[in-house]
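Coordinate inspection notes
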Amino acid sequence: MLETADANIRIVLVEPAGPLNVGSVARVMKNMGLHQLVLVNPQCDHLGEEARLMAVRAADILETTKVVESLPAALVGCVRAIATTGDDCRALPTQLEEPADALPWLLEAPSALIFGREDCGLTNAELNRAQRLIRIPSSDAYTSLNLAQAVAICCYELYREEGRRKREEGRRNEEGRGNEEDSSFPGSAGERISRGYASSIPDATDNLSTCYQEQLASSPTQNPSIPLASAPLENLEGYYQQLETLLLKIGYLQSHTAASRMEKFRRLYNRAYPTIDEVAMLRGVLRQTEWAIKTYPRETNSDTLDGALPENPTDS
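Owing to the predicted nature of the structure, the values given are computational and were not obtained by experimental measurement. (Residues numbered from 1 in each chain as written. Predicted model: local features only at pLDDT ≥ 70, side-chain atom pairs only at ≥ 80, totals over all residues. Heavy atoms only, no water.)

1. Digging into the overall build of the protein
Using the following cut-off: In this text, helices come from DSSP runs of H or I with a minimum length of four residues, and strands from runs of E with a minimum of two, each type numbered from the N-terminal end. Only protein chains enter the accessibility calculation, which uses a 1.4 Å probe; a residue is then buried when its area is under 20% of its type maximum, exposed when over 50%, and partly exposed in between. Contacts: residue pairs with any heavy atoms within 4.5 Å of one another. Note that accessible areas follow from Shrake-Rupley with a 1.4 Å probe, and for residues the cover is restricted to the protein chains shown.
Along its length, the protein carries 13 helices and seven strands. Relative to its 316 residues, the protein shows a buried fraction of 39%. Sequence-distant contacts in the protein: of pairs separated by 6 or more residues, those separated by 24 or more amount to 79%. Counting every atom, the protein has about 18400 Å² of accessible surface; 51% of that belongs to carbon and sulfur.

Written out as C-alpha cells, the structure is:
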C-alpha cells in the first residue's frame, strides 16, 4: 500500500506576509489532497478574514496550521526536504532541478517542501537546510511567480505523481491476480494456449527490458538512492551544532567565517543522506574528540596536544 502525500508531506511557508496568499495556499493544498501546513514566523494573520476568504472550503487547513519560530523547528520529524527558489543560485553548487523530476522523491518518507518569502524568497542559509533545490521554469519576460501559484504548481505535480503510482500499483495487482489464475490451469504453456487459456507466453527478455527501463527511470540525478533509515533532519541539525562548536574550539573555524564553512559541511552531508546510526557514530567521534582535548596533556608553551600537529594555515 502506497503511503499518501497527505501523510508524508508538509508544506512550509517561511515568513509569509500576505494573508490572501496563505488562504490561497490552504485551498490548493486541499484541492490536491494535502493537509499539513507549517508557517515559520508568519508576518500576517493566517486565521483572519482575508485568509479565510481565499481558503473558501479549506478553512480547516488554516485552523490546523502549525506555527513555529524557525525553519529547523518546521523540519522536525522530516527525513527529506526540498526548497524552492526563483533564482538561478549560481552562488550555490547545489544542482537546480525541475519540480516534476525532484518532487516524487518526497512521497517516500516524512518530508517538507519549503517556500520562501513573497518578496525575497529563501536565504542561502535556509536553502542549505534542504537536500535538493527546485526552480519552476518560466518565461524570461517575467520569471517571478506568486507564492500561491508556485505552491499550486508543486502540489499538482505531487498529486499527479501519486495518482500515477497508485495506478501502477493497481496494474501490478491485476497482473498478479491474472498470473495466479493462469497457473491454476493444467498442462504446459503450449497446451494452455491451444485450449484458449492463454494468449501468449511471457519471455525472459521482456523482464530484462522492464528491469532496464526501471534502472533508467531511477537515475541518480532524478531519484537518488537513499537509505530507508535516513536520519531525521533534526538529528543532523544537532550534529552540525556540535561540529561547529568543536571546530571553533580547535581553531579550524573562525567566528567570522564559520557560517560559510558550515554551509559547505551541510552540502556535503546533504549529498550523503546519512542514516540514524551513521549520525550517532559521527557525534560519538565528536564527543571522543572533546574528551581527548580535556584529558590529554599539552606541551609546555604550546597550544597543541602531545604528538599532534599544529593547524596548517593553508588548509581550506
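2. Some thoughts on the packing of helix H11 (residues 233-250) against helix H12 (residues 258-272)
Formally: Axis definition: a line fit to C-alpha positions, over the contact stretch in the case of helices; interaxial angles, taken between N-to-C directions, run 0 to 180 degrees. For classification, angles of less than 35 degrees are called roughly parallel, those exceeding 145 degrees roughly antiparallel, those between 65 and 115 degrees roughly perpendicular, and all remaining angles oblique. Should the near helix be turned anticlockwise from the far one by less than a right angle, the crossing is left-handed, and should it be turned clockwise, the crossing is right-handed. Residue polarity follows a fixed list, in which Ala, Val, Leu, Ile, Met, Phe, Trp, Tyr, Cys and Pro are nonpolar, Asp, Glu, Lys and Arg are charged, and the others, Gly among them, are polar.
At their nearest, the axes of H11 and H12 sit 11 Å apart, and the two run at 135° to each other. Viewed along their axes, H11 and H12 adopt a mutual orientation that is oblique. Our pair here, H11 against H12, has a crossing hand that is right-handed. Taken together, the residues of H12 that come into contact with H11 (itself represented by Glu237, Tyr239, Tyr240, Leu243, Glu244, Leu247 and Leu248) are Ala258, Met262, Phe265, Arg266, Tyr269 and Asn270. A class-by-class count of the residues in the contact of H11 with H12 yields nine nonpolar, one polar and three charged.

3. Concerning the pattern of salt bridges
Using the following cut-off: A side-chain nitrogen of Lys or Arg and a carboxyl oxygen of Asp or Glu constitute a salt bridge if their distance falls within 4 Å.
Summed over the entire model, instances satisfying the criterion amount to 16 salt bridges. Note that Glu237 is salt-bridged to Arg129, the shortest N-O span being 2.4 Å. Of the two residues, Glu237 sits in helix H11 while Arg129 sits in the loop between helix H7 (124-127) and strand E7 (132-134), which places them 108 residues apart along the sequence. By relative accessible area, which is 13% here, Glu237 ends up buried. Residues Glu161 and Arg164 are paired through a salt bridge, measuring 2.8 Å at the closest nitrogen-oxygen approach. Here the residue Glu161 and the residue Arg164 both occupy positions in helix H8 (residues 147-183), the gap between them amounting to three residues, near one helical turn. Glu161 gets classed as buried once you look at its relative accessible area, which sits at 13%. Several salt bridges share partner residues, and in doing so they unite Arg80, Glu108, Glu161, Arg164 and Arg165 into one network.

4. Concerning the sheet that holds strand E2 (residues 36-40)
Filter applied, for reference: The rule for pairing is simple: two strands pair if DSSP sees at least two bridges between them.
The sheet built from seven strands is open, its strands ordered E3-E2-E1-E6-E4-E7-E5 with parallel pairing. Where the open sheet ends on each side, the last strands, each with one partner, are strand E3 (66-68) and strand E5 (96-97). When strand E4 (residues 80-84) meets strand E6 (residues 111-115), the two strands line up parallel, connected through four bridges. Of the residues in E6, the one forming a bridge with Ile82 is Leu113. The sheet strands contacting helix H2 (residues 19-31) are strand E1 (9-14) and E2, and the helix crosses E2 at an angle near 160°.

5. Points about the nonpolar core
Stated precisely, the cut-off is as follows: Remark: nonpolar core denotes a set of buried residues (Ala, Val, Leu, Ile, Met, Phe, Trp, Tyr, Cys) joined through side-chain atoms within 4.5 Å.
Grouped together as the largest cluster of nonpolar side chains are 37 residues, with contacts concentrated most on Ile11, Leu13, Leu113, Phe115 and Val151. When residues of this core are traced back to their parent elements, those giving at least two are E1, H2, E2, helix H3 (49-55), helix H4 (59-63), E6 and H8. The element contributing the most residues to this core is H8, with seven residues. When near neighbours in sequence (up to four residues on either side) are disregarded, Val151 contacts Ile11, Leu13, Val25, Val28 and Phe115. The next biggest cluster of nonpolar side chains, apart from the first, holds 32 residues, and it includes Val12, Ala74, Ile114 and Ala258.

6. Topic: the confidence of the model for the protein
Selection criterion: What pLDDT reports is the predictor's confidence in each residue, on a scale of 0 through 100.
Mean pLDDT for the protein: 82, with 75% of residues reaching 70 or above. Considering only residues more than four positions removed or in separate chains, one finds that residues 192-225, a stretch of pLDDT under 50, has 27 contacts. Under a pLDDT of 50 for its full length, residues 312-316 has, in the predicted model, four contacts with residues more than four places off or in other chains.

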